[in-house]
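For reference, the chains in residue letters:
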Amino acid sequence: MDAAVAALLGTLVGAAGSIGVVWLQQGHETKRARLRTAVDLALQDWKIRLEAAGTAYPIAISVLYQTRVLEAVADGRFSADTVRRLNVEQEQLIAAYEQVNEERRQALKKQREERRG
């Protein structure tokens, strides 16, 4: 009887481990699929903005925005407040990119002037 109980317990532990691995793999695959979808949406959005305005901010901003939208939808948290919050976050990121780019331009300008001077 002891051998039968041990065999049963071993089977249960092995099955639980397999279930855990499958569950983790599904979670990772879901995240990968969500990210692929976000990248596709971001690329489409980026192209539309580029065609409409002749310029576009870095695509990473759009990927982050689309990822957050998809996460909110998947978690059942997507609402008007979510859109407002994400738009504020997106505007802050755009402003940060613009600031970094301006600082970079100024530093390059200074280097050129120092080389000439």
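Anything mentioned here points back to the structure above.
Notes on the structure follow. Predicted, not measured: the structure shown is a model, and the values here were computed from it. (Residues numbered from 1 in each chain as written. Predicted model: local features only at pLDDT ≥ 70, side-chain atom pairs only at ≥ 80, totals over all residues. Heavy atoms only, no water.)

**Quick look at a positive patch on the surface**
Side chains of K109, R112, R115 and R116 sit close together on the surface and give a patch of like positive charge. Within the fold, R112 resides in helix α3 (residues 80-116). (Patch = residues over 30% accessible without salt bridge, like charges linked within 9 Å, V, L, I, M, F, W, Y side chains within 5 Å. Areas by Shrake-Rupley, 256 points an atom, 1.4 Å probe, with all protein chains shown as cover. Salt bridge = Lys/Arg side-chain N within 4 Å of Asp/Glu carboxyl O. Lys, Arg positive; Asp, Glu negative; His and termini not counted. Charge placed at Lys NZ, Arg CZ, Asp CG, Glu CD. Helix = DSSP H or I, 4+ residues; strand = E, 2+ residues; numbered from the N terminus.)

**Side note on the side chain of T67**
As for its placement among the helices and strands, T67 is situated in helix α2 (residues 59-75). Residue classification places T67 among the buried residues on the basis of a relative accessible area of 15%. In this view, T67 contacts L35 and A38; residues no more than four positions away in its chain are not counted. (Buried < 20%, exposed > 50% of the residue type's maximum accessible area, 1.4 Å probe, protein only. Contact = heavy atoms within 4.5 Å.)

**So, the packing of α2 against α3**
Running from N to C, α2 and α3 cross one another at 165 degrees; their axes reach a closest spacing of 10 Å. In this view, α2 runs roughly antiparallel relative to α3, as classed from their interaxial angle. The crossing of α2 and α3 is right-handed. Residues A60, I61, L64, Y65, R68, V69 and A72 of α2 touch α3, and the partners they reach there are T82, L86, N87, E89, Q90, L93, I94 and Y97. When its residues are assigned to classes, the contact of α2 with α3 shows ten nonpolar, three polar and two charged. (Axes fitted to C-alpha atoms, helices over the stretch in contact; angles between N-to-C directions. Parallel < 35°, antiparallel > 145°, perpendicular 65-115°, else oblique. Left-handed = near helix turned anticlockwise from the far one by under 90°. Nonpolar A, V, L, I, M, F, W, Y, C, P; charged D, E, K, R; others polar.)

**A word on α2**
Spanning 17 residues, α2 covers 24 Å between terminal C-alpha atoms, matching the ideal 24 Å at 1.5 Å per step. Among all positions of α2, only I61, S62, V63, Y65, Q66, T67, V69 and A72 are buried. (Expected span 1.5 Å × (residues − 1).)

**Points about the pattern of salt bridges**
This structure, assessed with the given rule, holds seven salt bridges. For R36, the salt bridge identified is with E29, shortest N-O distance 3.0 Å. Residue classification places R36 among the partly exposed residues on the basis of a relative accessible area of 46%. The exposure class of E29 is partly exposed, given its relative accessible area of 33%. The salt bridge involving D75 is made with R77; its shortest N-O contact spans 3.2 Å. With a relative accessible area of 41%, R77 lands in the partly exposed category. Taken together, the shared-partner salt bridges in this structure form one network comprising E29, R32 and R36.

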